Amino acid sequence: MENERYESRALLSRLLTICPQCKKHIYGKDLNLSEIDKSTVRSWPMPYVYCHLGEKGTIHALTMYLDASFTVRAREVSEHVSIQENTRNKKESSLI
Ligand SMILES: [Zn+2]
């Protein structure tokens, strides 16, 4: 149990990858990885899409393929992103 807590804290501060598009450093805490229930993941590596703003204020999506220890095995950038506003609100309310 204590070990699990330590691992989860270490995960939050771990540098997972650097976005090849904007060079942003992406840490475990940016992805809320500690909130993922691994037993619900259908297959590994798990794709995780992280949308963020680059230096010029343009949104892009970085898809990271994470293995079961949350190490990034592959990644790809998409500069063409559309997020429906009502989808985002649903996600936020489900976190409360
Ligand atoms: Zn980026």
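This text gives an overview of the structure that appears in the document.

The rules we used
Residues take numbers from 1 onward in each chain, read along the sequence in its written order. Per-residue local features are limited, in this predicted model, to residues with pLDDT of at least 70; the limit for side-chain atom pairs, both in listing and counting, is 80 or more; totals at the level of whole chains, interfaces and linings are taken over all residues. Secondary structure elements are taken from DSSP: a helix is a run of H or I of four residues or more, a strand is a run of E of two residues or more, and numbering for both begins at the N terminus. Three classes are used. A residue is buried when 20 or more other C-beta atoms lie within 10 Å of its own, exposed when 12 or fewer do, and partly exposed in between, with C-beta atoms placed from the backbone. Definition of nonpolar core: a set of buried Ala, Val, Leu, Ile, Met, Phe, Trp, Tyr and Cys residues joined via C-beta atoms within 7 Å. Any pair of residues counts as being in contact when their C-beta atoms, constructed from backbone geometry, are within 7 Å of one another. Any two strands are treated as partners once DSSP identifies two or more bridges connecting them. Helix axes are fitted only over the stretch in contact, all axes being lines through C-alpha atoms; the angle between N-to-C directions runs from 0 to 180 degrees.

**Thoughts on the overall build of the protein chain**
Scanning the protein chain from N- to C-terminus turns up 2 helices and 5 strands. Going from the N terminus to the C terminus, the protein chain shows its helices and strands as α-β-β-β-β-β-α. The proportion of buried residues among the 96 residues of the protein chain is 5%.

**Section: the nonpolar core**
Membership of the largest hydrophobic core is limited to 5 residues, which are L16, L62, M64, L66 and F70. No other element matches strand β4 (residues 59–66), which puts 3 residues into this core. Apart from the residues lying within four places of it in its own chain, the contact partners of F70 are L11, G28 and L33.

**Quick word on unusual backbone geometry**
In this structure, P45 follows W44 across a cis peptide bond, with omega equal to -5°. Turning to its location among the elements, P45 is positioned in the loop between β2 (25–27) and β3 (46–53). Positioned with a positive phi, K23 is a non-glycine residue whose angle comes to about 70°. Note that K23 resides in the loop between β1 (15–18) and β2. What makes K23 exposed here is the crowd of 9 C-beta atoms within 10 Å. Unlike most non-glycine residues, F70 shows phi in positive territory, near 60°. Inspection of the secondary structure assignment puts F70 in the loop between β4 and β5 (72–78).

**Details of the sheet that holds β5**
Within a sheet, neighbouring strands are paired by backbone hydrogen bonds and run either parallel or antiparallel to one another. The 3 strands are arranged β3-β4-β5 in an open sheet whose pairing can be described as antiparallel. Sheet topology places β3 and β5 at the edges, where each strand pairs with a single neighbour. If you compare each strand with its neighbour and ignore which way they point, the axes differ by 20° on average.

**Remarks on the environment of Q21**
Following the sequence through the fold, Q21 ends up in the loop between β1 and β2. Classification of Q21 by C-beta neighbours within 10 Å gives partly exposed; the count is 16. Along the backbone, Q21 and G54 are 33 residues apart, and their C-alpha atoms lie at a distance of 7.8 Å.

Read these as geometric descriptors, not functional statements.
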